[in-house]
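# Observations on chain architecture
Listed below are the residues making up each chain.
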Amino acid sequence: GAGVSQSPRYKVAKRGQDVALRCDPISGHVSLFWYQQALGQGPEFLTYFQNEAQLDKSGLPSDRFFAERPEGSVSTLKIQRTQQEDSAVYLCASSFTGATNEKLFFGSGTQLSVL
Amino acid sequence: QKEVEQNSGPLSVPEGAIASLNCTYSDRGSQSFFWYRQYSGKSPELIMSIYSNGDKEDGRFTAQLNKASQYVSLLIRDSQPSDSATYLCAVNRHSNYQLIWGAGTKLIIKP
């Protein structure tokens, strides 16, 4: 596609609900990142995929967070039993190879509000 | 101490003047340095990248890197109201794909 696409754009969940956030990266991009951005803060790394392999999930805050990219393209970030502290914007980014000096292309993000 | 520090601002600059944004980082092994611009409610977009000491110019933007002082800056010449945004500094650790981000500096260009 023309850019990184994320859906939904906004999600309101009741505390305890499970949510699934979708990211469709730029076609052909090998690397995919998930970031969490709290209001007034910079993005915080959550997890990294190279094709379908999840190479790093060290940033996931708890075992309630789970990400997958089964066919090496679309990725889903799932949050189980949502808590108020999960409220944030979740950003997906992709890059062609994932090299350390490579430009990241970001999606518009999913703003999650947990009530 | 945060790994990447920025003054949160807001930094107010008159239209046409030079805006100077600063960032310090703690990891001496950092290799790659980036400035991203983020408009309110939008996602970050890359403005400049710099990898070696000195200045790098691209149009109205100049990135400056001083690894000895662990300092990277962004200068915006002839500031325009459309430059009003939050500017995020991001740093790659040595041989690591993870970007470590500052909290951003809010820049306001006054017409």
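Preceding this section is the structure that the text describes.
Here the structure is a predicted model, which means the values were calculated and not measured.

Here is what the cut-offs are and how they apply
- Residues numbered from 1 in each chain as written.
- Chains lettered and ligands numbered in written order.
- Predicted model: local features only at pLDDT ≥ 70, side-chain atom pairs only at ≥ 80, totals over all residues.
- Heavy atoms only, no water.
- Contact = heavy atoms within 4.5 Å.
- Buried area = accessible area lost by both parts, 1.4 Å probe.
- Salt bridge = Lys/Arg side-chain N within 4 Å of Asp/Glu carboxyl O.
- Polar contact = N/O pair within 3.5 Å; in protein donor to acceptor, adjacent residues only side chain to side chain.
- Helix = DSSP H or I, 4+ residues; strand = E, 2+ residues; numbered from the N terminus.
- Core = buried A, V, L, I, M, F, W, Y, C linked by side-chain atoms within 4.5 Å.
- Buried < 20%, exposed > 50% of the residue type's maximum accessible area, 1.4 Å probe, protein only.

### Re the interface of chain A and chain B
Opposite the 23 residues of chain A that make contact, chain B presents 20 residues. Surface buried jointly by chain A and chain B totals about 1600 Å² across both partners, of which 54% is contributed by carbon and sulfur atoms. Taken together, chain A and chain B are joined by 0 salt bridges. Put simply, chain A and chain B have 5 residue pairs in polar contact (both at pLDDT 80 or more) between them. Every element with two or more residues in the side of chain A that touches chain B is listed here: β4 (31-37), β5 (44-50) and β6 (53-56) of chain A. Broken down by element, the residue count for the side of chain A that touches chain B peaks at 3 residues, all from β4 of chain A.

### Quick word on the nonpolar core
Counting 24 residues, the largest nonpolar core has Trp-35, Val-72, Leu-74, Ile-76 and Tyr-87 of chain B as the members making the most contacts within it. For this core, the elements supplying multiple residues, two or more each, are β3 (19-25), β4 (32-38), β5 (45-50), β7 (61-66), β8 (71-76), β9 (85-92) and β11 (105-110) of chain B. Ranked by size, the runner-up nonpolar core spans 20 residues in total, among them Ile-26, Leu-32, Leu-60 and Ala-67 of chain A.

### Some points on the pattern of salt bridges
Summed over the entire model, instances satisfying the criterion amount to 6 salt bridges over all chains. Here Glu-68 of chain A ties to Lys-78 of chain A by a salt bridge, and the two come within 3.4 Å at their closest N and O atoms. On the criterion of sequence distance, the pair formed by Glu-68 of chain A in strand β7 (residues 65-68) and Lys-78 of chain A in strand β8 (residues 75-79) is long-range, its members being 10 residues apart. Judged by relative accessible area, Glu-68 of chain A falls into the partly exposed class, the value being 26%. Close ionic contact of Arg-37 of chain B with Glu-45 of chain B constitutes a salt bridge, the shortest N to O distance being 3.1 Å.

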